[in-house]
Number of protein chains: 2
Amino acid sequence: MKPVGIIHSPYKNTSEAPYQGCTSEDTSQIEVFKEFEEGLQDIEGFSHIIVIYWFHKSQGYHLLVKTPWDDKPHGVFATRSPHRPCPLGLTVSELLGREKNILKVKGLDAIDGTPVLDIKPYVPPLDESSSTKIGWLEGKLRKGR
Amino acid sequence: MKPVGIIHSPYKNTSEAPYQGCTSEDTSQIEVFKEFEEGLQDIEGFSHIIVIYWFHKSQGYHLLVKTPWDDKPHGVFATRSPHRPCPLGLTVSELLGREKNILKVKGLDAIDGTPVLDIKPYVPPLDESSSTKIGWLEGKLRKGR
């Protein structure tokens, strides 16, 4: 599993990053390594992309975790904590533009230097659910930074 | 990067699997390995989960690929092809229930035996975009199996 690119973001460390990028107007750049540039063809037709990355600063994990949203611990798979058995991050980001191998995106909460593992087009019929239940997070999401 | 579980699905090979699971009523089971069971606490409160898995049967990739949806090649990052530089699969699945370390889900298009790398709660404010453009896929998604 080798990265296909790297994220250049305004967040130099985790304390600067927003809890979730969707609340932010900040922009980041995804530098896709030159050898993969051809794989970006036609991606600019999509307004949003799914970015899967490696939480490379994450060290270890607990199966029960407390989050910024409440005081109760929850199973790590019921949270978006970066400290996971397999520390994969996932963000749906707005694709503002592409210049050769550089994607300019909004809403990506990863820190500067984060390795990118995959990029996929966001396709509402596939990726949007008629989700009605968000469990322990119900009513808590307004608290953010 | 070690799997946290394995998928038991009705699709024994890729020719049996739907192009995208969201079109199917079939159910699959995600067996989360016993050592990670505690990490599932409270996940049953969510109606949908994001499953990230390893396309373990994928061998190699091309940067330009043809898909079932049209005859033109597109950059692999602008497609959901399983043959990717980093062969990660991602499906938003409906969580029908949990029994201990077993999750019963609908809409997962992975084949039987697929290793699961991560499970995250699906949270509409984070994971739904106001997507308006789906590029080359526009008008093509009705063709499926």
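Refer to the structure presented above.
These numbers were taken from a predicted model, which means no experiment stands behind them.

J.: Looking at this model, I keep getting lost on the sheet that holds strand β8 (residues 115-121) of chain A. Mind explaining?
T.: Strand pairing in a sheet relies on backbone hydrogen bonds, with the paired strands running either antiparallel or parallel. Residues and elements named next belong to chain A. With antiparallel pairing, the 6 strands of this closed barrel are ordered in space as β1-β2-β7-β6-β3-β8. Direction aside, the axes of adjacent strands within the sheet are offset by 45° on average. When strand β1 (residues 5-8) meets β8, the two strands line up antiparallel, connected through 2 bridges. Opposite I6, over in β8, you have P115 as the bridge partner.

J.: What am I meant to see in the pairing of strand β6 (residues 88-99) of chain A here?
T.: Every other side chain in a regular strand lies on the same face of the sheet, so the side chains alternate between the two faces. All names here are of chain A. Relative to β6, strand β3 (residues 48-54) runs antiparallel, the two being bridged by 7 bridges. Looking at β6, one finds that I52 is bridged to L90. Pairing between β6 and strand β7 (residues 102-106): 5 bridges, direction antiparallel. Bridge assignment links E94 to a residue of β7, and that residue is K106. Hairpin connection between β6 and β7: a loop of 2 residues separates the two successive antiparallel strands, and K100 in this loop has a positive phi of roughly 55°.

J.: How should I be thinking about the interface of chain B and chain A in this particular structure?
T.: The parts lose accessible area when they come together, and the size of an interface is often stated as this lost area. The partner chain A presents 62 residues to the 62 residues of chain B that form the contact. Counting each side, the surface lost to burial between chain B and chain A is near 5600 Å², with a carbon and sulfur contribution of 65%. Considering only the side of chain B, the residues that lose the most area to chain A are F77(B), R80(B) and L126(B), jointly responsible for 14% of the buried surface there. Along the contact surface separating chain B from chain A lie 4 salt bridges. Note that D127(B) is salt-bridged to R80(A), the shortest N-O span being 2.8 Å. Between chain B and chain A we count 24 residue pairs in polar contact (both at pLDDT 80 or more) in total. Elements with a minimum of two residues in the side of chain B that touches chain A: β3 (48-54), β5 (70-75), β6 (88-99), β8 (115-121) and α1 (124-127) of chain B. Among the elements that make up the side of chain B that touches chain A, the one with the highest residue count is β8(B) (5 residues). When grouped by side-chain class, the residues that make up the side of chain B that touches chain A number 35 nonpolar, 15 polar and 12 charged.

J.: I keep staring at the pairing of strand β4 (residues 64-67) of chain A and nothing clicks. Help me out?
T.: Residue and element names in this part refer to chain A. Residues V65 and T67 line the buried face of β4, whereas the alternating positions L64 and K66 sit on a face that is not buried. Alignment of β4 against strand β5 (residues 70-75), held across 3 bridges, turns out to be antiparallel. Looking at the pairing, T67 lines up with D70 of β5. Linking two consecutive strands that pair antiparallel, namely β4 and β5, is a turn of 2 residues.

Thresholds, definitions, all that
- Residues numbered from 1 in each chain as written.
- Chains lettered and ligands numbered in written order.
- Predicted model: local features only at pLDDT ≥ 70, side-chain atom pairs only at ≥ 80, totals over all residues.
- Heavy atoms only, no water.
- Pairing = 2+ DSSP bridges.
- Helix = DSSP H or I, 4+ residues; strand = E, 2+ residues; numbered from the N terminus.
- Axes fitted to C-alpha atoms, helices over the stretch in contact; angles between N-to-C directions.
- Contact = heavy atoms within 4.5 Å.
- Buried area = accessible area lost by both parts, 1.4 Å probe.
- Salt bridge = Lys/Arg side-chain N within 4 Å of Asp/Glu carboxyl O.
- Polar contact = N/O pair within 3.5 Å; in protein donor to acceptor, adjacent residues only side chain to side chain.
- Nonpolar A, V, L, I, M, F, W, Y, C, P; charged D, E, K, R; others polar.
- Buried < 20%, exposed > 50% of the residue type's maximum accessible area, 1.4 Å probe, protein only.

Purely geometric numbers; function is a separate question.
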